[in-house]
Amino acid sequence: MVARIIDGTAIASEIREDLSARVEILRARTGRGPGLAVVLVGDDPASQVYVRNKQRACAQVGIMSIRHDLPASVTTAELVSLIEVLNGREDVHGILVQLPLPPQVDARQVLEAIELSKDVDGFHQYNIGGLVAGHPVFPPCTPHGVMEMLSHEGIEVAGQNAVVVGASAIVGKPLGLMLTRRDATVSICHALTRDLAQFTRLADLLVVAAGVPGLVTAEMVHDGAVVIDVGINRVAGTNRVVGDVDFEQVRHKASYITPVPGGVGPMTITMLLKHTVLSAERRQPALIGSSVSRPEARSA
């Protein structure tokens, strides 16, 4: 058996084509397209790259990106003040604060200051908690991207044993809730899980988001499992990135597998774009309930 590779880049491209059409409808009806405000603190090289990639993606679909660069010495109060201004701007439909923030900044307070309707990253406590009831305004982008990939490939979730390796508040835990809502039986494993392999071998659907390169090997996966690798780990001294799954080994046991790069990564940014467009659509009563309005609570 050789697994079918889930091409996140191709799926993301399809979604972005649809988003471009939706942006044109918005522009025709309102005179302007969606706007995404991106707040970058300090000069961390990785954050700079992530922000540039997001800005390029915005330009691709016609979203206006509004970048705010702040010094690493910024205070929590200064960041919150900026967010309050962005909350009130009619041309800003989404606000993204690039993480991590400097240690003197209370990240939770900053994220909670973002208006719910503009929390396109899905990190507000309400959105995380809303996943329990099944009605977030926006789910976190990476878990949403994983769910979109499964739907695109027609992979059954209901009734499956799903194992999520990694219990972060922005990937593992929300993804576990989203899979549960789709009627999977979910186990969430983490750094203190004893004998990880005893869980992963039972998984019909295995999602690995631990940040440990090559953590999951072929011996830890049962034949025919669907394997989603969320990990992005840079190999020291190179520009090469690898996932949390030993791709070459596991692809000969799995039925489906995502590559790194080119798997979940492109979907994460695409969900950010999708949420920004949806936020703009929700502000136009004529579009609510139309073919271009897709409530995330239903598709997540």
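This structure is a prediction, so every number in the text was calculated from the model and none was measured.

**What about the pairing of strand β3 (residues 64–70)?**
Logical step 1: Direction of pairing for strand β2 (residues 35–41) relative to β3: parallel, over a ladder of 7 bridges. Pairing of Leu-36 across the sheet is with Ser-65, part of β3.
Logical step 2: Considered for its hand, the β-α-β crossover made up of β2, helix α2 (residues 45–61) and β3 is right-handed.

**Observations regarding the pattern of salt bridges**
Logical step 1: For the structure on display, the rule yields 9 salt bridges.
Logical step 2: One salt bridge in this structure joins Glu-281 and Arg-22, with 2.9 Å as the shortest N-O distance. On the criterion of sequence distance, the pair formed by Glu-281 in helix α10 (residues 264–282) and Arg-22 in helix α1 (residues 8–30) is long-range, its members being 259 residues apart.
Logical step 3: With its nearest N and O atoms 3.0 Å apart, the salt bridge here joins Glu-24 to Arg-27. Residue Glu-24 and its partner Arg-27 are both found in helix α1; the two are separated by 3 residues, about one turn of the helix.
Logical step 4: Its relative accessible area of 31% is what places Arg-27 among the partly exposed residues.
Logical step 5: Several salt bridges converge on common partners, so that one network encompasses Asp-18, Arg-22 and Glu-281.

**Overview of the nonpolar core**
Logical step 1: Residues Leu-36, Ile-63, Leu-150, Leu-179, Leu-205, Ile-228 and Val-230 are the most contacted members of the largest nonpolar core, which totals 48 residues.
Logical step 2: With 9 residues, α10 is the largest single contributor of residues to this core.
Logical step 3: For Ile-63, the contacting residues outside a window of four places in its chain are Val-23, Pro-34, Gly-35, Leu-36, Cys-58, Leu-273, Thr-276 and Val-277.
Logical step 4: Membership of the second largest hydrophobic core comes to 20 residues, among which are Val-39, Val-74, Leu-86 and Ile-95.

**A look at the confidence of the model for the protein chain**
Logical step 1: Within the protein chain, residue pLDDT values average 93, and 95% of them lie at 70 or more.
Logical step 2: Every residue in residues 289–300 scores below 50 in pLDDT, and together they form 33 contacts with partners more than four places removed in sequence or on other chains.

**A closer look at the sheet that holds strand β1 (residues 4–5)**
Logical step 1: Read from one edge of the open sheet, 6 strands run β1-β11-β8-β7-β5-β6, paired in parallel fashion. The open sheet terminates on both sides in strands that have one partner only, identified here as β1 and β6 (185–189).
Logical step 2: Direction of pairing for strand β5 (residues 161–165) relative to β6: parallel, over a ladder of 5 bridges. In the sheet register, Val-164 faces β6, and the bridge partner there is Ile-188.
Logical step 3: Packing against the sheet, helix α7 (residues 172–181) makes contact with β5, β6 and β7 (205–208), and its axis sits at approximately 170° to β6.

**Focus on the packing of α1 against helix α6 (residues 141–152)**
Logical step 1: One can describe the packing of α1 onto α6 by two numbers: an axis separation of 11 Å at closest approach and a directional angle of 90°. Relative to α6, α1 is oriented roughly perpendicular. Counting all contacts with α1, which are made through Gly-8, Ile-11, Glu-14 and Ile-15, the residues of α6 involved are Glu-148, Met-149 and His-152.
Logical step 2: Grouping the constituent residues of the contact of α1 with α6 by class yields 3 nonpolar, 2 polar and 2 charged.

Here is what the cut-offs are and how they apply
Residues numbered from 1 in each chain as written. Predicted model: local features only at pLDDT ≥ 70, side-chain atom pairs only at ≥ 80, totals over all residues. Heavy atoms only, no water. Pairing = 2+ DSSP bridges. Helix = DSSP H or I, 4+ residues; strand = E, 2+ residues; numbered from the N terminus. Right-handed = clockwise from strand over helix to strand, strands pointing away. Salt bridge = Lys/Arg side-chain N within 4 Å of Asp/Glu carboxyl O. Buried < 20%, exposed > 50% of the residue type's maximum accessible area, 1.4 Å probe, protein only. Core = buried A, V, L, I, M, F, W, Y, C linked by side-chain atoms within 4.5 Å. Contact = heavy atoms within 4.5 Å. pLDDT = per-residue confidence, 0-100. Axes fitted to C-alpha atoms, helices over the stretch in contact; angles between N-to-C directions. Parallel < 35°, antiparallel > 145°, perpendicular 65-115°, else oblique. Nonpolar A, V, L, I, M, F, W, Y, C, P; charged D, E, K, R; others polar.

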